[in-house]
Amino acid sequence: MQGDLAEAARILGQAQRIAVLTGAGVSAESGVPTFRGEQGLWKSYRPEQLANPMAFSGNPELVWEWYRWRQGIVGGCQPNPAHHALAELEGRGVSVTLITQNVDGLHRRAGSENVLELHGNIWRTRCTREGKIDHYAGELKCSCGAWLRPHIVWFGEQLDPLILDQALSAARRSQVFLSVGTSSLVAPANMLPRLAADSGATVIEVNVEPTPLTVDADFFLQGPAGEVLPRLLAKDPPP
Ligand code: OAD
């Protein structure tokens, strides 16, 4: 039953309230490297070694170098058919909440509007002294003299409680919860599909390989998001 795309598409097509959680895998076909696995390494650092407040206070230049490398990649990437299929879903008159762990901004660039960026955005900065949030403009120091940091939720940091609250209630309200391209390893995002299932939602997972969520998902559709989502979300899905 886990791989029945037509049945998953039918259930999705009847849902009035849909929550979607995306991770780095949804942007992989755009050319943005995922975090885990070989391609997530940068100069032999794992993301956890750089995306944390201790790393930044110890060596802000190094952490910024990594983020500027990622900005350079993201800046040259375009949304792919997975992003477009999700944006199109939002235009169908049903309630769609797109919860993303991605900081690349590609969902909005594809036209999605109801987006909750759980982990922040790589194109924003925050002053480490004043907390002021701004668009990244190439500067690494604030006019007050303190370091600017990427406006990203790092390991060991709390998510914005308002955004998390909205994500939790979208998961609870959803009739279908779609988890796409995430390793389901990072909390609290990985708790959302289980919360949705406990509230009665059908959970559909799309990934190139099984994850810790797979055994609990109602459907596991194995394949690249850019191929599976356009078929799953087609107006007239294949029989
Ligand atoms: P990961 O890099 O942990 O996982 C990417 C997932 O995408 C894996 O399960 C892959 O199998 C899957 N995948 C790869 N290519 C795919 C494709 N074309 N189609 C579908 N699936 C594909 O990324 P996340 O789960 O997003 O946090 O990681 C969660 C968080 O940990 C990130 O937001 C980031 C990271 O460290 C911060 O930066 C704060």
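Right above here is the structure, for reference.
Summary of the structure given here. (Residues numbered from 1 in each chain as written. Predicted model: local features only at pLDDT ≥ 70, side-chain atom pairs only at ≥ 80, totals over all residues. Heavy atoms only, no water.)

### So, the nonpolar core
Judged by nonpolar contacts, the single largest core of 27 residues is most densely connected at Leu178, Ile204, Leu229, Leu232 and Leu233. Listing elements by their share of this core, those giving two or more residues are helix H1 (5-14), strand E1 (17-22), helix H6 (81-90), strand E2 (95-100), strand E7 (176-180), strand E8 (202-207), strand E9 (219-222) and helix H10 (225-232). When neighbours within four sequence positions are excluded, leucine 229 is seen to be in contact with Ala82, Ala85, Leu86, Leu178, Val180, Val206 and Ala234. (Core = buried A, V, L, I, M, F, W, Y, C linked by side-chain atoms within 4.5 Å. Buried < 20%, exposed > 50% of the residue type's maximum accessible area, 1.4 Å probe, protein only. Helix = DSSP H or I, 4+ residues; strand = E, 2+ residues; numbered from the N terminus. Contact = heavy atoms within 4.5 Å.)

### Points about the sheet that holds strand E4 (residues 120-127)
Overall, antiparallel pairing links the 3 strands, which are arranged E5-E4-E6 in an open sheet. The two strands at the open ends of the sheet, each matched to only one other strand, are strand E5 (133-135) and strand E6 (148-152). Sheet twist, expressed as the average angle between the axes of neighbouring strands with direction ignored, equals 45 degrees. In terms of strand pairing, E4 meets E5 through 3 bridges, oriented antiparallel. Paired with threonine 125 across the bridge in E5 is aspartate 134. On top of the sheet, helix H5 (residues 60-75) reaches E4 and E6; it is set at about 140 degrees to E4, its chief contact. (Pairing = 2+ DSSP bridges. Axes fitted to C-alpha atoms, helices over the stretch in contact; angles between N-to-C directions.)

### Describing the pattern of salt bridges
Counted under the stated rule, the structure contains 8 salt bridges. Note that arginine 92 and glutamate 88 form a salt bridge whose closest N and O atoms lie 2.9 Å from each other. A relative accessible area of 30% means that arginine 92 is categorised as partly exposed. With a closest N to O distance of 2.8 Å, glutamate 157 and arginine 149 form a salt bridge. You can call glutamate 157 partly exposed: its relative accessible area is 23%. The class of arginine 149 is buried, set by a relative accessible area of 7%. Each of Arg36, Arg46 and Glu48 takes part in a single network of salt bridges with overlapping partners. (Salt bridge = Lys/Arg side-chain N within 4 Å of Asp/Glu carboxyl O.)

### Some points on the packing of H1 against H10
Packing of H1 against H10 brings their axes to within 9 Å, and their N-to-C directions diverge by 55 degrees. Here H1 lies oblique to H10, going by the angle between them. The segment H1 lies against H10, with Leu5, Ala8, Ala9 and Leu12 engaging Val228, Arg231 and Leu232. (Parallel < 35°, antiparallel > 145°, perpendicular 65-115°, else oblique.)

### Considering the packing of aromatic side chains
Any pair of aromatic rings gets described here by the distance separating the centres and the angle formed by the planes. In this structure the tally under the stated criterion is 7 aromatic pairs. Between the aromatic rings of phenylalanine 56 and tryptophan 147, the centroid separation amounts to 6.3 Å while the plane-to-plane angle is 80 degrees, which identifies the pairing as edge-to-face. Linking phenylalanine 56 in helix H4 (residues 53-58) with tryptophan 147 in the loop between E5 and E6, this pair joins segments that are 91 residues apart in sequence. Every member of this aromatic cluster is reached through a ring pair, and the members are Phe56, Trp66, Tyr67, Trp147 and Trp154. Sitting over the face of the ring of tryptophan 147, lysine 141 holds its NZ or CZ atom 4.8 Å from the ring centroid. (Phe/Tyr/Trp six-rings, centres within 6.5 Å; stacked < 30°, edge-to-face > 60°. Lys NZ or Arg CZ within 6 Å of the ring centre and 35° of its normal.)

### Looking at H10
Taken together, the buried positions of H10 are occupied by Ala225, Gly226, Val228, Leu229 and Leu232. Along the long axis of H10, the arc covered by the buried residues comes to 165 degrees, so they all point the same way. (Arc of directions from axis to C-beta.)

### Thoughts on the site of the ligand
Inspection of the region around the ligand gives 22 residues, with Phe35, Arg36, Val153, Ser183 and Asn207 positioned closest. Residue threonine 182 places a side-chain N or O atom 2.8 Å away from an oxygen atom belonging to the ligand. Taking alanine 225, its main chain carries an N or O atom lying 2.9 Å from a nitrogen atom of the ligand. Burial of the ligand by the protein chains amounts to 92% of its free accessible area of 790 Å². Residues that form the shell around the ligand fall into these classes: 9 nonpolar, 10 polar and 3 charged. (Near = heavy atom within 4 Å. Polar contact = N/O pair within 3.5 Å; in protein donor to acceptor, adjacent residues only side chain to side chain. Areas by Shrake-Rupley, 256 points an atom, 1.4 Å probe, with all protein chains shown as cover. Nonpolar A, V, L, I, M, F, W, Y, C, P; charged D, E, K, R; others polar.)

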